Amino acid sequence: MKVKHYIFLISLLLLLFVADVALGSIYISVEELWAIVLGNSDSTNHYIITQLRLPRAVMAVLTGAGLAIAGMLMQTMFRNPLAGPFVLGISSGAGLGVAISIMGSSLLGFSLITGFGLIASSILGSLAVFLLIILISLRIKDTMGLLIIGLMVGSLSSAVVGILQYFSPSEQLRRYVFWGLGSLGNLTWNELAIIASLILLSLIGLLLIIKPLNALLLGETYARSLGINLKQTRWIIIAITCLLAGSITAFAGPIAFIGLAVPHIARMLLSSMDHKKLIPLVIIIGASLLLACDIVAQLPFSNYSLPINAVTSLVGAPLVIWLIVKKRYLRF
Amino acid sequence: MLVLQDIQIGYENETIAKCVGHIAFAKAKFIAIIGANGVGKSTLLRCMASGNHLLEGNVSLNGIAIRKVNLDDLAQQISILTTDRSISKSITVNQLLEISRAPYTNFLGSLTAIDQEIINNIITDFELVDLRHRQLSTLSDGQLQRALIARSLVQQTDYILMDEPTSHLDIHHKAELLIKLKSYCKKYGKTILFSSHEIAMATALADQVLYFNDEYIRFKSAAEFKENDILQQLFPSPYLSWQDGQYVLKQLK
């Protein structure tokens, strides 16, 4: 990776961002975009851009970057190429938290549907699953066992969600089903600010563990012998991953494949495992990929749109298959 | 100085080995650890590196209990080579060595010119120049072992604890490696403790021998170790007879 490659990727990111804002059921030209952003227009388009499309594009950037970072952290921590918020059930945990807060109100006797309650229960749900996985991974060292347990935990939480769905009134059920399809839209600037500040907080935490993350590439025994405080590092990784996966999943729904695929693409482009270089690249690629998926999901020039979760899976699954075929296997 | 004092090592209250009194490891010594499979060689090395598996007694480094030594200080004084290979195979030899300078680098792990020079010297000494930019997954077992040994030296510690450095190597490379490690000890005043199943070679080259006999960890000079019938006790077999650190296969009738 040379400087010109970075410039190319950053320009691509900017281009995708502008395209995501400009394209949709109606096309808004780039000149008009400028006028709107500079405040020289107040038409319906002004509303569409500032209240609908810009927040959605910003959310795509935050979600793509955040989930990709969460995936990278988990892959490094478990030294497992298949780790990601989705595979290990973290997203399912967040989903369970959301399900309880949306549909469990009739059972619990109180409601948590407010924005903050939703984020908190989502983060707690992902934290609970992550802690469970870590407890199990202390006993079971092999990759396959861990992945199967992740899948089991995932289906356990969907079972609980299923029971909740069965007993909940149709209004709440509908709400949960829509959440489950994933959506980057319908967010206010205030909600975006909450997510952005959580992500910013995680990035600051990330700075502190760049060296420990690199040392962890040598395995825990060697990392410790290099003076790394494993317990502290592990907790920072858990905290960051749950903050990212939990807060993003609360609002955007479960979004698959970004967390798993993006770190691999970045490592392949970089041909290095150094987290100092990896982190910026993972952020750029994660944001670009989700922007691209969102453009597809909007089905430009039509009156329809697809759920974002379906699109990331449509794009992500072939991508992972291609990576495995091209590199023979995903190794770590 | 690294000192063992009345230690008992093992797992969950099951002692597998112990020592009586003090055993102190002086500077610039090449020390072999000898014992049959399962007597606790690896456990002892882990115990000295981090205080894990220590049930009783004390392991101390310069007068401080090993578990109390600040992690950064410890990393500058003791490095390890383990038999566990849960290392990421996607990093290159060069990256392996760069990461291993962690005890001396800033919070981002940036390398200085001195770090680079140390890495370059080790790479030349251990004939890793051609392998420098290869990923670990592309190396043979022996090459990987060489890279991991270089890794433990790049950390520039007073004590280097090696669990079976000669495994995965051909016989001539084993001899070459042990001789190289011994001269490294003497040249830089470092102490290497290494476990090995190459008894003849190890005892011939080592200054001192740490051995396991009936649960007891004992420490003798290499000459003393070879004089007595210790090897006969450590590796009893009706088919082997031991002489001066070498075995002879008895004729089968």
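What counts, and where the lines are drawn
- Residues numbered from 1 in each chain as written.
- Chains lettered and ligands numbered in written order.
- Predicted model: local features only at pLDDT ≥ 70, side-chain atom pairs only at ≥ 80, totals over all residues.
- Helix = DSSP H or I, 4+ residues; strand = E, 2+ residues; numbered from the N terminus.
- Contact = placed C-beta atoms within 7 Å.
- Pairing = 2+ DSSP bridges.
- Core = buried A, V, L, I, M, F, W, Y, C linked by C-beta atoms within 7 Å.
- Buried ≥ 20, exposed ≤ 12 C-beta atoms within 10 Å, placed from the backbone.
- Axes fitted to C-alpha atoms, helices over the stretch in contact; angles between N-to-C directions.
- Parallel < 35°, antiparallel > 145°, perpendicular 65-115°, else oblique.
- Nonpolar A, V, L, I, M, F, W, Y, C, P; charged D, E, K, R; others polar.
- pLDDT = per-residue confidence, 0-100.

Some points on the environment of P254 of chain A
Residues and elements named next belong to chain A.
Item 1. With respect to the helices and strands, P254 occurs in the loop between α12 (230–252) and α13 (258–270).
Item 2. In this structure the C-alpha to C-alpha distance between P254 and G180, which are 74 residues apart in sequence, comes to 6.2 Å.
Item 3. Other than its neighbours up to four places away in sequence, P254 contacts S91, G95, G180, G182, T249 and N309.

What to know about the pairing of strand β11 (residues 216–221) of chain B
Residue and element names in this part refer to chain B.
Item 1. The pairing of strand β10 (residues 208–213) with β11 spans 6 bridges and is classified as antiparallel. By the bridge assignment, L210 is partnered in β11 with F219.
Item 2. In this antiparallel pair of consecutive strands, β10 and β11, the connection spans 2 residues, and D214 shows a positive phi of 50°.

Examining the nonpolar core
Note on soluble globular proteins: their nonpolar side chains tend to be buried together.
Item 1. By size, the foremost hydrophobic cluster in this structure holds 164 residues, and its most contacted members are A68 and V282 of chain A together with A150 and L161 of chain B.
Item 2. When residues of this core are assigned to their parent elements, the largest contribution, 15 residues, is made by helix α3 (residues 44–78) of chain A.

A short note on the packing of helix α2 (residues 30–37) of chain A against α3 of chain A
Residue and element names in this part refer to chain A.
Item 1. With their axes 10 Å apart at the nearest point, α2 and α3 run at an angle of 80° to one another. Taken as axis vectors, α2 and α3 run roughly perpendicular relative to one another. Between α2 and α3, the residues in contact are E32, L33 and I36 and N45, H46, I49 and T50, respectively.
Item 2. Of the residues in the contact of α2 with α3, the class split is 3 nonpolar, 3 polar and 1 charged.

Let's talk about the confidence of the model for chain B
Item 1. Residue-level pLDDT values for chain B average 91, and 99% of them are 70 or greater.
Item 2. For this predicted complex, the interface confidence comes out at an ipTM of 0.92, alongside a pTM of 0.87.

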